[in-house]
Amino acid sequence: MRTFAIAASVAALALGLAGPANADPIIIKFSHVVATDTPKGKASEKFKELAEKYTGGKVKIEVYPNSSLYKDKEELEALQLGSVQMLAPSNSKFGPLGIREFEVFDLPYILPDLKTLRKVTEGPLGLRLLKLLDSKGITGLAYWDNGFKQMSANKKLVTPADYQGVKFRIQSSRVLQAQFKALGSLPQVMAFGEVYQALQTGVVDGQENTWSNIYTQKMHEVQKYITETNHGYIGYVVIVNKKFWDELPADIRDQLSKAMKEATDFNNAQSQKENDDAFAEIKKSGKSEIIKLTPEQDEAMRKAMEPVYKDAASRVGQPLIDEFLKESKSTTN
Ligand code: LMR
């Protein structure tokens, strides 16, 4: 018996299976499209720090920000192929995968505030949406906030009529396409990493994004006006290649889940501040004029975008929209 044990450990040593101390770390490539100095950029760095700490260095997280590894569409393909293990695309980017339901988050004015959002993402509906990803070989781990979107362009956007004929860059969401069509604009799907140049060269006239994304991509330097509309939300689903995740040793998966939970809390506690700070910087720069809408102008925008709900019903289903609204309303009551 003893001889067998010694022989076995000699064989294990020869095979390089002597134990974790000598093992190569498991590499997780985490690719994303925004700057490091954004809610998602900072949260992915926080996840790296915690994951490496909790696994005692058995896992190494390589974060690739700013589309440095892949752009929007490529990164999802790369995740499915296993060339990258982790991503955090916005809710608006799952349609091309055949999962339309996340586009419900794109409906204009569907979320009055982040507290309401939390009710949805942390409730049964949020979990059910994550489960939809399984069929695509993807495991959904968490929801990370960015914040509310503003409209930017080289012309003043105050009334719905101002949007007529304006070319807007959009994310790959049909609900966002319907939103700009309802305003009479010309929406064009484009990867995030191409937006600055497209605005600079006039390929598109405007775009919608959060303050932190506008500021860190310097979009305010190539857009004369930004209208503070808060008409929609950008948030992320942190996803991992399912096969990779399922095949991790259980203790490692638990440590990574703990790191993810804490990185999520970190993200959701600081995203608002990131956006407030970016707003203040843009204002200070004086490069774009910031337009505030009166309550009447805000109401006109809401009315103009109402038809989007009907259009989205055929895409994501009326029951999902109703469930979302019911869940979010129960926060305020
Ligand atoms: C966009 O494409 O505008 C955003 O989704 C980018 C991001 O990840 O915040």
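Please refer to the structure higher up on the page.
Because the structure is predicted, anything quoted here is derived from the model rather than measured.

Now for the overall build of the chain. Looking only at helices and strands, the chain has 13 helices and 11 strands in total. A globule of 333 residues ought to have a C-alpha radius of gyration of about 20 Å, and the chain, at 22 Å, matches this closely. Over its C-alpha atoms, taken along the principal directions, the chain stretches across nearly 85 × 45 × 35 Å. Taking the contacts inside the chain whose residues are at least 6 apart along the sequence as the reference set, 77% of them involve residues at least 24 apart.

What follows concerns the nonpolar core. Core analysis: the biggest nonpolar cluster contains 54 residues, and Phe-94, Phe-102, Val-104, Phe-105 and Ile-239 have the highest contact counts within it. Non-local contacts of Phe-102, meaning those with residues more than four positions away in its chain, are made with Asn-91, Phe-94, Leu-129, Leu-130, Leu-133, Tyr-143 and Val-237. Of all hydrophobic cores here, the second largest spans 39 residues; its members include Ile-61, Val-195, Ile-214 and Val-222.

Bringing the sheet that holds strand β3 (residues 86-87) into the picture now. Pairing is mixed in the open sheet, where five strands are placed in the order β2-β1-β3-β10-β4. Two strands close off the open sheet at either side, each with one partner strand: β2 (59-64) and β4 (138-148). With two bridges joining them, strand β1 (residues 26-31) and β3 adopt parallel strand pairing. Among the inter-strand pairings, Ser-31 is bridged to a residue of β3, identified as Leu-87. Against the sheet, helix α2 (residues 39-54) contacts β1, β2, β3, β4 and β10 (233-241), and its axis sits at roughly 165° relative to β2. The strands touched by helix α3 (residues 72-81) within the sheet are β1, β3, β4 and β10, with β10 carrying the most contacts at an inclination of about 25°.

Among the structural elements, Glu-194 can be located in the loop between β7 (186-189) and α7 (195-201). According to the relative accessible area criterion, Glu-194 is partly exposed, its value standing at 35%. Sequence separation between Glu-194 and Lys-71 is 123 residues, and the spatial gap between their C-alpha atoms is 8.9 Å. Within the local environment of Glu-194, its side chain forms a polar contact with the side chain of Lys-71, the two groups lying 2.9 Å apart.

With that settled, consider the sheet that holds strand β6 (residues 167-170). Taken in spatial order, the six strands make up an open sheet running β7-β6-β8-β5-β9-β11, and their pairing is mixed. Strand pairing shows two members of the sheet lacking a second neighbour, β7 and β11 (289-292), which therefore form its edges. Here the strands of the sheet are splayed against their neighbours by 25° on average, with no regard to which way each runs. Lying over the sheet, helix α6 (residues 174-182) contacts β5 (150-153), β6, β7 and β8 (206-209), oriented at roughly 165° with respect to β6.

By secondary structure assignment, the location of Thr-116 is in helix α4 (residues 114-121). Judged by its relative accessible area of 1%, Thr-116 is buried. There is a polar contact of 2.4 Å between the side chain of Thr-116 and the side chain of Asp-113.

Another aspect to go through is the packing of aromatic side chains. Following the criterion strictly, the structure yields nine aromatic pairs and no others. Look at Phe-94 and Phe-102: their rings are 4.9 Å apart centre to centre, the planes differ by 35°, and that puts the pair in the tilted class. Taken as a pair, Phe-94 and Phe-102 share a single burial class, namely buried. Arranged with centres 5.9 Å apart and planes meeting at 20°, the rings of Tyr-163 and Phe-168 form a pair that is stacked. A relative accessible area of 0% means that Tyr-163 is categorised as buried. Accessibility expressed as a relative area gives 0% for Phe-168, which makes it buried. Taken together, the aromatic side chains of Phe-30, Phe-47 and Trp-144 make up a single cluster linked through ring pairs. If you follow Lys-258 out to its NZ or CZ, it ends over the ring of Tyr-54, 4.5 Å from the centre.

In the region of the ligand, the neighbouring residues are Val-33, Val-34, Lys-40, Ser-90, Lys-93, Arg-169, Gln-171, Phe-192, Asn-209, Asn-213 and Tyr-236. Within the side chain of Asn-213, an N or O atom sits 2.9 Å from an oxygen atom of the ligand. One of the side-chain N or O atoms of Tyr-236 is found 2.4 Å from an oxygen atom in the ligand. In terms of residue class, the shell around the ligand is made up of four nonpolar, four polar and three charged.

With that settled, consider helix α12 (residues 307-316). Where α12 is concerned, the buried positions are Val-308, Ala-312, Ala-313, Arg-315 and Val-316. One side of α12 carries all its buried residues, which in axial view fall inside an arc of 165°. Of the exposed residues in α12, the ones pointing more than 90 degrees away from its buried face are Lys-310 and Ser-314. Immediately downstream of α12, the backbone of Gly-317 shows phi near 95°, a positive value.

Further remarks concern the pattern of salt bridges. Within the structure shown, the criterion is met by 25 salt bridges. Residue Lys-48 pairs with Glu-52 through a salt bridge whose shortest N-O separation is 3.0 Å. Placement of both Lys-48 and Glu-52 in helix α2 is noted, with a separation of four residues, approximately one turn of the helix. Judged by relative accessible area, which is 22%, Glu-52 ranks as partly exposed. We note a salt bridge from Lys-60 to Glu-62, for which the minimum N-O separation is 3.9 Å. Each member of the salt-bridge network shares a partner with another, and the members are Asp-37, Lys-42 and Glu-274.

Parameters and conventions
- Residues numbered from 1 in each chain as written.
- Predicted model: local features only at pLDDT ≥ 70, side-chain atom pairs only at ≥ 80, totals over all residues.
- Heavy atoms only, no water.
- Helix = DSSP H or I, 4+ residues; strand = E, 2+ residues; numbered from the N terminus.
- Rg over C-alpha atoms; globule rule 2.2 N^0.38 Å.
- Contact = heavy atoms within 4.5 Å.
- Core = buried A, V, L, I, M, F, W, Y, C linked by side-chain atoms within 4.5 Å.
- Buried < 20%, exposed > 50% of the residue type's maximum accessible area, 1.4 Å probe, protein only.
- Pairing = 2+ DSSP bridges.
- Axes fitted to C-alpha atoms, helices over the stretch in contact; angles between N-to-C directions.
- Polar contact = N/O pair within 3.5 Å; in protein donor to acceptor, adjacent residues only side chain to side chain.
- Phe/Tyr/Trp six-rings, centres within 6.5 Å; stacked < 30°, edge-to-face > 60°.
- Lys NZ or Arg CZ within 6 Å of the ring centre and 35° of its normal.
- Near = heavy atom within 4 Å.
- Nonpolar A, V, L, I, M, F, W, Y, C, P; charged D, E, K, R; others polar.
- Arc of directions from axis to C-beta.
- Salt bridge = Lys/Arg side-chain N within 4 Å of Asp/Glu carboxyl O.

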